[in-house]
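What follows is each chain in one-letter form.
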Amino acid sequence: MSTEFNERLSEPYDERAQIWIVGTREQVNHIISEMYVKQIVTDRGQFSLLVPAPFAQGKFMSVLLR
């Protein structure tokens with residue numbers, strides 16, 4: 001994980017469990033919406049902003065901090 005992405009997270013990555021979603025922009029948005037509809041998360045705001053994945057060209061990612 002890049003230092004730049006670590007700085008975007010509200011808490012250090014090792015203090016809370018994370019769920020990473022990586023895929024196309026549409027795939028990531030769909031999974032976030034699906035998790036909200038299935039009530040796995042109570043608020044879409046629990047996800048980080050959608051950012052380009054630093055390790056996969058052309059892919060995007062979002063992180064759910066639990």
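Residues numbered from 1 in each chain as written. Predicted model: local features only at pLDDT ≥ 70, side-chain atom pairs only at ≥ 80, totals over all residues. Heavy atoms only, no water.

1. A closer look at the sheet that holds strand β3 (residues 60-65)
Spatially, β1-β3-β2 is the arrangement adopted by the 3 strands of the open sheet, whose pairing is antiparallel. Looking along the sheet, the strands with just one partner apiece sit at the ends: β1 (18-23) and β2 (51-52). Examined bridge by bridge, β2 and β3 share 2 bridges and lie antiparallel to one another. Following the sheet pairing, V51 is matched in β3 by M61. Running at roughly 140° to β1, helix α2 (residues 25-37) makes contact with β1 and β3 of the sheet. (Pairing = 2+ DSSP bridges. Helix = DSSP H or I, 4+ residues; strand = E, 2+ residues; numbered from the N terminus. Contact = heavy atoms within 4.5 Å. Axes fitted to C-alpha atoms, helices over the stretch in contact; angles between N-to-C directions.)

2. What to know about the environment of M61
Position of M61 among the secondary structure elements: in strand β3. Residues M61 and T24 lie 37 residues apart in sequence; the distance between their C-alpha atoms is 8.1 Å.

3. Details of the nonpolar core
Counting 7 residues, the largest nonpolar core consists of I21, V28, I32, M35, V41, F47 and L64. Examining the composition of this core, we find that 3 residues originate from one element, α2, more than from any other. Core analysis: the second largest hydrophobic core is formed by 5 residues, V51, A53, M61 and V63 among them. (Core = buried A, V, L, I, M, F, W, Y, C linked by side-chain atoms within 4.5 Å. Buried < 20%, exposed > 50% of the residue type's maximum accessible area, 1.4 Å probe, protein only.)

4. Concerning the pattern of salt bridges
Any two side chains of opposite charge can pair, given that their charged atoms come close. Throughout the structure, instances matching the rule amount to 1 salt bridge. Note that K38 and E34 form a salt bridge whose closest N and O atoms lie 3.1 Å from each other. With relative accessibility at 55%, the residue K38 sits in the exposed group. (Salt bridge = Lys/Arg side-chain N within 4 Å of Asp/Glu carboxyl O.)

5. Let's talk about unusual backbone geometry
Of note in this structure, Q39 is not a glycine but carries a positive phi near 60°. Its relative accessible area of 68% is what places Q39 among the exposed residues.

6. A closer look at the packing of aromatic side chains
The geometry of an aromatic ring pair is captured by the separation of the ring centres together with the interplanar angle, meaning the angle of the planes. Tallied over the full model, the rule gives 1 aromatic pair. Over the ring of F60 we find R25; its NZ or CZ atom is 4.3 Å from the centre of that ring. (Phe/Tyr/Trp six-rings, centres within 6.5 Å; stacked < 30°, edge-to-face > 60°. Lys NZ or Arg CZ within 6 Å of the ring centre and 35° of its normal.)

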